[in-house]
Amino acid sequence: MDRTAGKELALAPLQDWGEETEDGAVYSVSLRRQLSQRLSPGAGPGGSQAPSPAADAFLHYRTSKVRALRAARLEQLVRELVSGDHEQDPGFVPAFLATHRAFVSTARVLGLLLPPPPPPLPPGIEIKKTEGGGLRVNKNLRAVVSVLGSWLRDHPQDFRDPPAHSDLGSVRTFLGWAAPAGPEAQEAEKLLGDFLEAERKQEEEQPEAWAGPPGATQTPRPDSPEGCSEEEGGLVREGPELLDFGVDEVAEQLTLLDAELFSRVRPCECLGSVWSQRDRPGATSAAPTVRATVTQFNMVIGCVLGSVLGEQGLAAPQRAQRLEKWIRVAQRCRELRNFSSLRAILSALQSNPIYRLKRSWGAVSRECLSTFRKLSQIFSDENNHLSSREILSQEEATEGSQEEDTLPGSLPPKLPPGLVPYLGTFLTDLVMLDTALPDMLEGDLINFEKRRKEWEILAHIQQLQKRCRSYCLSPRAPVLAALRTQRQLSEEQSYRVSRVIEPPAASCPSSPRIRRRISLTKRLSAKLSRERGSSPGGSPGDPSSPTSSLSPGSPPSSPRTRDPPPGSPPASPGSQGPSTKLTSQDKAPSVVQRALEKHNVAQPWARDYQLFQVLPGDRELLIPDNANVFYAMSPAIPGDFVLRRKERARLTTTVSST
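Bear in mind that the values here come from a model prediction, so they are computed numbers and not experimental data.

Overview of the overall build of the chain
Then, in step 1: Helix and strand counts for the chain come out as 23 helices and nine strands.
Then, in step 2: Relative to its full complement of 658 residues, the chain shows a buried share of 46%.
Then, in step 3: In the chain, of all internal contacts separated by at least 6 residues, the share reaching a separation of at least 24 is 74%.
Then, in step 4: Here the chain displays about 33700 Å² of accessible surface, and carbon together with sulfur accounts for 52% of that area.

A short note on the side chain of Asp 158
Then, in step 1: Position of Asp 158 among the secondary structure elements: in the loop between helix 4 (131-154) and helix 5 (166-178).
Then, in step 2: Of the residues examined, Asp 158 reaches a relative accessible area of 5% and is grouped as buried.
Then, in step 3: Polar side-chain contacts of Asp 158 include one of 3.0 Å to the side chain of Trp 151.
Then, in step 4: Not counting residues up to four positions away in its chain, the partners in contact with Asp 158 are Leu 97, His 100, Arg 101, Thr 106, Trp 151, Asp 167 and Arg 266.

Brief notes about empty space enclosed by the protein
Then, in step 1: Taken as a whole, this structure holds six cavities of 30 Å³ or more when the rule is applied.
Then, in step 2: Volume-wise, the second largest cavity comes out at about 130 Å³.
Then, in step 3: Lining the second largest cavity are 14 residues; nearest its centre among them are Thr 293, Val 294, Phe 297, Ser 340 and Leu 423.
Then, in step 4: At the level of secondary structure, the elements contributing two or more residues to the lining of the second largest cavity comprise helix 8 (247-263), helix 10 (288-309) and helix 17 (423-436).
Then, in step 5: Top contributing element to the lining of the second largest cavity by residue count: helix 10, with four residues.
Then, in step 6: Taken together, the residues of the lining of the second largest cavity break down into nine nonpolar, four polar and one charged.

Structural notes on the packing of aromatic side chains
Then, in step 1: Counting across every chain of the model gives nine aromatic pairs.
Then, in step 2: Between Phe 92 and Phe 448 the ring centres are 4.8 Å apart and the planes differ by 40°, which places this aromatic pair in the tilted class. Pair noted here: Phe 92 is in helix 2 (residues 92-99) and Phe 448 is in helix 18 (residues 448-468), with a separation of 356 residues, a long-range link.
Then, in step 3: Among the aromatic residues, those joined into a cluster by ring pairs are Phe 92, Phe 96, Phe 103 and Phe 448.

Brief notes about the nonpolar core
Then, in step 1: Among the nonpolar cores identified, the biggest contains 68 residues, and Leu 148, Phe 159, Leu 175, Cys 270 and Val 290 are the most heavily contacted of them.
Then, in step 2: Sort the elements by how many residues they give to this core and helix 18 lands first, with eight residues.
Then, in step 3: Every residue in contact with Cys 270, bar those within four places of it in the chain, is listed here: Val 265, Trp 275, Val 290, Leu 423, Leu 427, Leu 430, Leu 458 and Ile 461.

Observations regarding the packing of helix 1 (residues 74-83) against helix 3 (residues 106-113)
Then, in step 1: Between helix 1 and helix 3, the least distance of the axes is 10 Å, while the angle of their chain directions is 65°. Taken as a pair, helix 1 and helix 3 cross one another with a handedness that is right-handed. Contacts from Leu 74, Glu 75, Val 78 and Val 82 of helix 1 reach helix 3 at Arg 108, Val 109, Leu 112 and Leu 113.
Then, in step 2: The residue makeup of the contact of helix 1 with helix 3, split by class, is six nonpolar, no polar and two charged.

Here we look at the pattern of salt bridges
Then, in step 1: What the rule picks out here adds up to 30 salt bridges.
Then, in step 2: Its salt-bridge partner being Arg 67, residue Glu 22 comes within 2.9 Å of it at the nearest N-O pair. You can see Glu 22 sitting in strand 1 (residues 14-22) and its partner Arg 67 sitting in strand 3 (residues 59-72), a full 45 residues away along the chain.
Then, in step 3: Of the charged contacts in the structure, one is a salt bridge between Arg 332 and Asp 248, with a shortest N-O distance of 3.5 Å.

Describing unusual backbone geometry
Then, in step 1: Going from Pro 162 to Pro 163, the amide bond is cis rather than trans, its omega being 5°.
Then, in step 2: For Pro 163, the location among the structural elements is in the loop between helix 4 and helix 5.
Then, in step 3: You will see that Asp 23, though not glycine, has its phi angle at about 55°, which is positive.
Then, in step 4: Looking at the secondary structure, you find Asp 23 in the loop between strand 1 and strand 2 (25-37).
Then, in step 5: Located in the positive-phi region is Ala 287, a residue other than glycine, with phi close to 50°.
Then, in step 6: Its place among the elements puts Ala 287 in the loop between helix 9 (272-275) and helix 10.
Then, in step 7: Among the residues examined, Ala 287 registers a relative accessible area of 5% and is labelled buried.

Quick look at the packing of helix 10 against helix 11 (residues 316-335)
The description of two helices packed together rests on the angle between their axes and the distance between the axes.
Then, in step 1: In contact at an axis separation of 9 Å, helix 10 and helix 11 are set at 155° when each is read in the N-to-C sense. Comparing the axis directions of helix 10 and helix 11 gives the class roughly antiparallel. Taking contact as the criterion, the partners of Cys 303, Val 304, Ser 307, Val 308 and Leu 309 in helix 10 are, on helix 11, Arg 319, Arg 322, Leu 323 and Trp 326.
Then, in step 2: Its residues placed into classes, the contact of helix 10 with helix 11 shows six nonpolar, one polar and two charged.

Here's the deal with the environment of Cys 270
Then, in step 1: The topology assignment puts Cys 270 in the loop between helix 8 and helix 9.
Then, in step 2: Taking relative accessible area as the criterion, Cys 270 reaches 0% and is therefore assigned buried.
Then, in step 3: A C-alpha to C-alpha distance of 9.8 Å links Cys 270 and Asp 429, two positions 159 residues apart in sequence.

Observations regarding helix 21 (residues 588-597)
In an α-helix there are 3.6 residues to a turn, and that puts residues three or four apart on one side.
Then, in step 1: Those residues of helix 21 lying buried are Ala 588, Val 591, Val 592, Ala 595 and Leu 596. What you see down the axis of helix 21 is that its buried residues fit within an arc of 130°, all on one side.

Re the pairing of strand 8 (residues 619-623)
Then, in step 1: For strand 7 (residues 609-615) and strand 8, the ladder comprises five bridges, and the chain directions are antiparallel. When the sheet's bridge partners are listed, Phe 612 is paired in strand 8 with Leu 622.
Then, in step 2: Between the antiparallel neighbours strand 7 and strand 8 lie three residues, among them Gly 617 with a positive phi of about 75°.

Thresholds applied
Residues numbered from 1 in each chain as written. Predicted model: local features only at pLDDT ≥ 70, side-chain atom pairs only at ≥ 80, totals over all residues. Heavy atoms only, no water. Helix = DSSP H or I, 4+ residues; strand = E, 2+ residues; numbered from the N terminus. Buried < 20%, exposed > 50% of the residue type's maximum accessible area, 1.4 Å probe, protein only. Contact = heavy atoms within 4.5 Å. Areas by Shrake-Rupley, 256 points an atom, 1.4 Å probe, with all protein chains shown as cover. Polar contact = N/O pair within 3.5 Å; in protein donor to acceptor, adjacent residues only side chain to side chain. 1 Å grid on protein atoms, 1.4 Å probe; cavity = no way out; pocket = protein on both sides within 12 Å on 5 of 7 lines; lining within 4 Å. Points joined across faces, edges and corners; volume = space filled by probe spheres on them. Nonpolar A, V, L, I, M, F, W, Y, C, P; charged D, E, K, R; others polar. Phe/Tyr/Trp six-rings, centres within 6.5 Å; stacked < 30°, edge-to-face > 60°. Core = buried A, V, L, I, M, F, W, Y, C linked by side-chain atoms within 4.5 Å. Axes fitted to C-alpha atoms, helices over the stretch in contact; angles between N-to-C directions. Left-handed = near helix turned anticlockwise from the far one by under 90°. Salt bridge = Lys/Arg side-chain N within 4 Å of Asp/Glu carboxyl O. Parallel < 35°, antiparallel > 145°, perpendicular 65-115°, else oblique. Arc of directions from axis to C-beta. Pairing = 2+ DSSP bridges.

What follows is the structure in structure tokens.
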């Protein structure tokens, strides 16, 4: 008991105490302090004096022990669902249900969770339950039923396994004898009906095959001859183009599509262990709801590229009007708090094919350029995108606020009720978390502390999904049709068209000075340096040897000058060599191997090289051989990298050559 003269101690209500092990499971232990106010000596229970922290009063702190499961085997985790103290650890059940697919299947959990049905009794015989045993069995059954109720309500897609839906069948069988008249049994029956109805509708709609997201139904493939001739030679279209509609109409329809797709995202598909597998063979159907949002994001980028670059015969002032229109659409998306389309539009305008159009940018009004720069500051990658995170937190805290926004991109006095975030931020956080923390700990224990951290991010996504359903927007068929028919340009085609519109020049002094970032992937530039006498091919030590680059947004053979004039935009650091994209799955060995392949160096030499990031002040950051380059690199430093041969490899090479 701590005594003070009516003053509270400056202590945290929950303090970490350590860990303890029980039955092979690891628990984190915290101490929770609870304050109880005592009356002064003259204020008894029958007195008229009110409790007050007078000088002669004292404060009493009561400390209780709080345990949370940190690591355990699967059987212990499932047991904790039923027998755990959910008052002490209220986050365990939702964290397990949201993340279990990262380490175990739904069928396996149900096999451990559901007890077998009781054996049938002979006719005319009734079972007599002992008081203690009956209460214990009933308590366990009620706990299992409660867990299933939460599972069916919060994660119904976990039970979708057409055509038999065997997992849902197991749940229905259990609830049929354990709680036949409960709401959980009704929820299971309703869920099965929804699944069957969705499958029936899908079969009916199958003859009219859906050709993809808006923009893909009437657009030839970018790599087809028809697509090239359409996009580079111009296209005679029927009906209005997308930019023929008003700024509000376009922004609202983009927000309507983004909100619908984001509300359908299954949070478990955002887990790093799930999303990082999307490009592996046989994983084309993985994370379909997240893929849909990414496809929509890329479609918006394609619409901006196609509308700005699609007509080669436009004069610079006319093309500048299209740039200004998209900047105003982006500003309206900001006002609608649609950060997904806002990021997509800015990414397209910052891409090299549009960014390099100096004559077009020179005709853009100062007001629009100022708005563009302010909007671009929202997604600055400094301090792990701190600006966009702060703005998102502020938007979540201000629902219907009348205050003006002081951060980049001003808002109207009345805020809309909905909010659509940029999903890429959460995907990046979850992939980083999955890369940084191990799945298993010593003793073959599942690292559930990792799952708790993942659940914090998934819970944030779920909260935002509820917010995005608050929009009151109606679909506009003409605008949606224009979105579907808007011509699409790939990055390579858009750059080729851009060079036709404005041939390569010495510099782009009129382009806005902003930091360019593209889409959901990072890119970096890399320079290959070879030490004298250690290269297996080429001219060792020759400064004129070619360099390999992984460049942010600069297509192959993009122009670069050694001394750009004052006022020119920042040049792409690696644009003088071939370009390669770096994704969130690239480890150091694969990056080294690709860089060596560009210089026709034999693949066996890849293990003899190390990757270094060049830092200011002639310093270098070594990227470990087993590291994910995407996250190991410093994001605040321009992406200049150097390959150096390992000392051991250099000695080995020298000995073998003699």
